[in-house]
Amino acid sequence: MGMAAESQFHVLAVDDSLFDRKLIERLLQKSSCQVTSVDSGSKALEFLGLRQGIESNDPNALSTAPVNHQQVEVNLIITDYCMPGMTGFDLLKKVKESSAFKNIPVVIMSSENVPARISRCLEEGAEEFFLKPVRLADLNKLKPHMMKTKLKNQKLEEIEEPSKDEIGTVTAAAVVPEIKGSTTTEIEILPLQQDLVLVQQGEQTLSTTNKRKSMEKGISTDRPRPRFDGITTAV
Amino acid sequence: MLGLGVDRLQADINRLLASLFHQGVLDEHFLQLQQLQDETSPNFVYDVINIYFDESEKLLRNLRLLLMDREFSDYKKIGLHLNQLVGSSSSIGARRVRNVCVAFRSASELSNRPGCLRGLEVAEHEYHYLKNMMHELFQVLSFILLLHMRIKLGYGRQ
């Protein structure tokens, strides 16, 4: 969607599980956020431009990382706690130790309820700690955190290069209410309605081909696949 | 004529879903997945369930390999796999799979090998039951979709 991209929040999601990444991506998109997801803490740091502790405003540092951190504005990092190699906690520490990114709010997710772990993360600077499964309602708590950094970044930009629209952009961001995805279809939480919803989605898929995203890869074929799949891709 | 066919299939789906909820195989998280599907992500539920199956099968296979090893002692690794299974099963709404994995995890925390073996068998059983039910669900859904498509394309009365 190319509309008002600057006023959309950009979230960096980190999780080694494809399943969890898929879920958190959808949850964030449903909350009107732009999402980039990576499968490890080190890839997250790379994305931010922090590989090997070298910040990307050093022109000699990374020949393979074309990303200038000032162009990749990240309003929030949401990471799984339990990951091989760099844990979510390690990532949190690295972010908070970096002068360029310590103001990015970090949220930790975990499927285990370990109070000592939770307080350790919060003490280290995590804004929130979510227990999985994460729900849409949890993500509502994130808006104020992301808003803070967005306004702060905009103020910094104003100071660096005073531009015409400054007042306009600040108020636009400040006006962001709750979930913007008010394209919520009226799905009643009753088993009886389930098939109708799924079927209606199918119909919309068939009739609005230009809006349809392509089917994703990575689904193994070693089991008989229902015809449902063949139908949607045939269009 | 086709309309009647769709009604019957929808009734089948209702019955199947109601039964799965009644048995505790599925819970409300499954319904919440539906809320995340929309026209910008019309295949979300189908995709995410397939990813769940792929990942869970790998995890269960690894668990079996670990426990079948005569020299096995890495209960921590078992715990990590189970955390993933518990987490993803909760998110999908696969309540029974989740619960048996929690019990399995408790056995691993006590380094109880026979307990773990039992836990694995039960987890595999519950997982396959769920998978078969989901396939049945998707099959019926695909028929409904097919019928709807035929109606739209004018093969039957609107």
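Residues numbered from 1 in each chain as written. Chains lettered and ligands numbered in written order. Predicted model: local features only at pLDDT ≥ 70, side-chain atom pairs only at ≥ 80, totals over all residues. Heavy atoms only, no water.

Caption draft 1: Representation of empty space enclosed by the protein. Counting across every chain of the model gives four cavities of 30 Å³ or more. For the largest cavity, the calculated volume is near 80 Å³. The wall of the largest cavity is formed by A:D15, A:D20, A:L23, A:I24, A:L27, A:M109, A:K132, A:P133, A:V134 and B:S91. By residue class, the composition of the lining of the largest cavity is six nonpolar, one polar and three charged. (1 Å grid on protein atoms, 1.4 Å probe; cavity = no way out; pocket = protein on both sides within 12 Å on 5 of 7 lines; lining within 4 Å. Points joined across faces, edges and corners; volume = space filled by probe spheres on them. Nonpolar A, V, L, I, M, F, W, Y, C, P; charged D, E, K, R; others polar.)

Caption draft 2: Region of interest: the pattern of salt bridges. In total, this model carries 13 salt bridges over all chains according to the counting rule given. Of the charged contacts in the structure, one is a salt bridge between B:D38 and A:R26, with a shortest N-O distance of 3.6 Å. Of the two residues, B:D38 is situated in the loop between α2 (28-36) and α3 (44-68) and A:R26 in helix α1 (residues 18-30); the pairing between them involves two chains. When sorted by exposure, B:D38 lands in the same class as A:R26, which is buried. For B:D38, the salt bridge goes to A:K30, with nearest N and O atoms at 2.8 Å. Linking B:D38 in the loop between α2 and α3 with A:K30 in helix α1, this pair reaches from one chain into another. By relative accessible area, which is 4% here, B:D38 ends up buried. On the accessibility criterion, A:K30 (7% relative accessible area) is buried. One salt-bridge network, in which partners are shared between bridges, spans A:D15, A:D20, A:D80 and A:K132. (Salt bridge = Lys/Arg side-chain N within 4 Å of Asp/Glu carboxyl O. Helix = DSSP H or I, 4+ residues; strand = E, 2+ residues; numbered from the N terminus. Buried < 20%, exposed > 50% of the residue type's maximum accessible area, 1.4 Å probe, protein only.)

Caption draft 3: Spotlight on the pairing of strand β5 (residues 128-131) of chain A. Residue and element names in this part refer to chain A. Bridge count between strand β4 (residues 106-110) and β5: four bridges; the pairing is parallel. Bridged to S110 within β5 is L131. On the question of chirality, the crossover connecting β4 to the parallel β5 by way of helix α4 (residues 115-123) is right-handed. (Pairing = 2+ DSSP bridges. Right-handed = clockwise from strand over helix to strand, strands pointing away.)

Caption draft 4: Broad picture of the sheet that holds strand β3 (residues 76-80) of chain A. Residue and element names in this part refer to chain A. The strand order across the open sheet built from five strands is β2-β1-β3-β4-β5, with neighbouring strands paired in parallel fashion. Where the open sheet ends on each side, the last strands, each with one partner, are β2 (33-38) and β5. Within this sheet the neighbouring strands show an average axis-to-axis angle of 20°, counted without direction. Pairing between β3 and β4: four bridges, direction parallel. When the bridges of β4 are listed, I77 appears paired with V106. The sheet strands contacting helix α3 (residues 88-97) are β1 (9-14), β3 and β4, and the helix crosses β4 at an angle near 175°. Strands β4 and β5 of the sheet are contacted by α4, whose axis makes an angle of about 150° with β5. (Axes fitted to C-alpha atoms, helices over the stretch in contact; angles between N-to-C directions. Contact = heavy atoms within 4.5 Å.)

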